[in-house]
Amino acid sequence: MTADPIAATAPPPAQTTPARVPARRRRNWAPVFFLVPFFVPFILFTLVPVGYAFYQSLLKTERTGGTFGRKTTVFAGLDQYREVLGDAEFLGSVGRVLVFGLVQIPVMLLLALVLALLLDSTVTRLKRFFRIAYFVPYGIPGVIAALMWAFLYDPRLSPIVDLLDKAGSAPDFLGSSMMLWSIGNVVTWTYTGYNMLIIYAALQAIPSDIYEAARMDGASEATIAWRIKVPILRPALILTGVFSIIGTLQLFTEPQVLRSISTSVTSTYTPNLAAYSLASANNYSEAAAMSVTLALATFVLSFGFLKLTGRKAES
């Protein structure tokens, strides 16, 4: 019996495979699960409090029936925001922290950059010791640091003021003319080490081959630092700049502590202190409006700084 030539040359019948769910549809959910640990705390501890503060800012407490009447909460719309933006003391506190930031932030970041470059230098010894020593002030609670510097500022207790007085110079660190810069000294002492650590970590990510090639071309350590390290550190400097802007507008601990020993610090010395004072007086709605306004100002300044530095980097 001979085989059928047509059947021998015909292709084998196609095998049917069970339908599968596209892998792309399954993979699309993977990033969501990785983002959940971030978004859940962000929603609970950032968006929800901000949303509640905005809701409170739209309300207003009124008293019906005279001085001893009943208190009622009514919807006030944007009335609280008009009061906040028309408050001369609040606007003065905003201007005060802006002047503070224009001076203190560049000084602090310059010190942090210099310290990071010194630690990364090949001639520096005891790097681990100095890295910890620079970072220790940030590990001290803000209230303790402010109390310590308040002792050093107080002319009745401070050995530093006593020595300066004997030398013929007796500055009034707690006076109205120097109080802002006394606070700036505390903030700079506290956060320089923190920013230095961020910049130093960015330096460790730079390949050492770049330095070796520069040294072979005859570049000195100072030239390598200025021409190679500083330009590469631009993202880290931008990051620390944004953190510093946010922290400046939230200035609270240092003036609150120094307020107890000096009359130069008023209840509206900084925007955060003004909102705290309003809330302490049970004026929650206006305090909420002030807080929301401060949050929007922080966002605008931070975003504007990022856009400005981004344009300079592209040009």
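Scroll up to find the structure.
Counting restarts for each chain, with residues numbered from 1 along the sequence as it is written. This being a predicted model, a pLDDT of at least 70 is required before a residue's local features are given, and a value of 80 or more before pairs of side-chain atoms are given or counted; all residues contribute to the totals for chains, interfaces and linings. Only heavy atoms go into the side-chain values, all of them from the structure, while hydrogens and water stay out.

### Overview of the overall build of the chain
Point 1. Put simply, DSSP marks the helices as runs of H or I at least four residues long and the strands as runs of E at least two long, and each gets a number from the N terminus on. From N to C terminus, the chain includes 15 helices and 2 strands.
Point 2. In this description, contact between two residues means that some pair of their heavy atoms is separated by no more than 4.5 Å. A fraction of 64% describes how many contacts in the chain between residues 6 or more apart in sequence connect residues 24 or more apart.
Point 3. Carbon and sulfur atoms provide 67% of the accessible area of the chain, an area that totals close to 20300 Å². Note on areas: Shrake-Rupley with a 1.4 Å probe; residue coverage comes only from the protein chains shown.

### Observations regarding the packing of helix α5 (residues 88-120) against helix α6 (residues 127-139)
Point 1. Only the stretch in contact is used when a helix axis is fitted, and all axes are lines through C-alpha atoms; the angle between N-to-C directions ranges over 0 to 180 degrees. Direction vectors running N to C along α5 and α6 enclose 165 degrees, while the axes themselves pass 10 Å from each other. With respect to each other, α5 and α6 are oriented roughly antiparallel. Two packed elements cross with a definite hand, and for α5 against α6 that hand is left-handed. On α6, the residues touching Leu 115, Leu 119 and Asp 120 of α5 are Lys 127, Phe 130, Arg 131 and Tyr 134. Roughly parallel here means an angle under 35 degrees, roughly antiparallel means over 145, roughly perpendicular means 65 to 115, and every remaining angle is called oblique. Crossings are classed by handedness, with left-handed meaning an anticlockwise turn of the near helix from the far one by less than a right angle and right-handed meaning a clockwise turn.

### Digging into the packing of aromatic side chains
Point 1. The rule is short: rings of Phe, Tyr and Trp, with Trp giving its six-membered ring, pair when the centres are within 6.5 Å, and they are stacked under 30 degrees, edge-to-face over 60, tilted in between. Enumeration according to the criterion identifies 14 aromatic pairs in this entry.
Point 2. Between Phe 38 and Phe 39 the ring centres are 5.1 Å apart and the planes differ by 70 degrees, which places this aromatic pair in the edge-to-face class.
Point 3. For every residue, the accessible area obtained with a 1.4 Å probe (protein chains only) is divided by the maximum for its type, and the residue is called buried under 20%, exposed over 50%, and partly exposed between those limits. A residue is classified by how much of its surface remains accessible, and Phe 39, at 38% relative accessible area, is partly exposed.
Point 4. With 5.5 Å between their ring centres and 15 degrees between their planes, Phe 38 and Phe 42 make a pair best called stacked. Here Phe 42 and Phe 38 lie together in helix α3 (residues 30-57), a separation of 4 residues that amounts to about one turn.
Point 5. Among the aromatic residues, those joined into a cluster by ring pairs are Phe 135, Tyr 138, Tyr 191 and Tyr 194.
Point 6. The rule for a charge over a ring is simple: NZ of Lys or CZ of Arg within 6 Å of the ring centre, and within 35 degrees of the ring normal. Here the basic side chain of Arg 96 rests over the ring of Tyr 269, its NZ or CZ set 4.5 Å away from the ring centre.

### Focus on the side chain of Ser 244
Point 1. Residue placement: Ser 244 occurs in helix α12 (residues 234-249).
Point 2. Within polar-contact distance, the side chain of Ser 244 engages the backbone oxygen of Thr 240 at 2.7 Å. Distance and chemistry together define a polar contact, namely a pair of N or O atoms within 3.5 Å, with one atom able to donate a hydrogen and the other to accept it when in protein, and with adjacent residues in sequence counting only for side-chain atoms on both sides.

### Remarks on the environment of Gly 310
Point 1. You can see Gly 310 is positioned in helix α15 (residues 284-314).
Point 2. Taking relative accessible area as the criterion, Gly 310 reaches 27% and is therefore assigned partly exposed.

### Some words on unusual backbone geometry
Point 1. In this model, Asn 282 sits at a positive phi of 65 degrees, which is unusual for a non-glycine residue.
Point 2. In this fold, Asn 282 is placed in the loop between α14 (271-280) and α15.
Point 3. Overall, Asn 282 belongs to the exposed group, its relative accessible area being 54%.

### Focus: the pattern of salt bridges
Point 1. A pairing counts as a salt bridge when a side-chain nitrogen of Lys or Arg comes within 4 Å of a carboxyl oxygen of Asp or Glu. Summed over the entire model, instances satisfying the criterion amount to 7 salt bridges.
Point 2. A salt bridge links Asp 162 to Lys 166, with the nearest nitrogen and oxygen atoms 3.6 Å apart. Pair noted here: Asp 162 and Lys 166 are both in helix α8 (residues 159-166), with a separation of 4 residues, about one helical turn.
Point 3. Assessed through its relative accessible area of 36%, Asp 162 is described here as partly exposed.
Point 4. Linked by salt bridges that have partners in common, Glu 212, Arg 215 and Glu 221 make up one network.

### Some details on α14
For an α-helix the count is 3.6 residues per turn, leaving residues at separations of three or four pointing the same way.
Point 1. Those residues of α14 lying buried are Pro 271, Leu 273, Ala 274, Ala 275, Ser 277 and Leu 278.
Point 2. Of the residues one or two after α14, Asn 282 is the one with positive phi, at around 65 degrees.

### What to know about the side chain of Thr 298
Point 1. Looking at the secondary structure, you find Thr 298 in helix α15.
Point 2. Judged by its relative accessible area of 12%, Thr 298 is buried.
Point 3. Setting aside residues no more than four positions away along its own chain, Thr 298 makes contact with Ile 246 and Leu 249.

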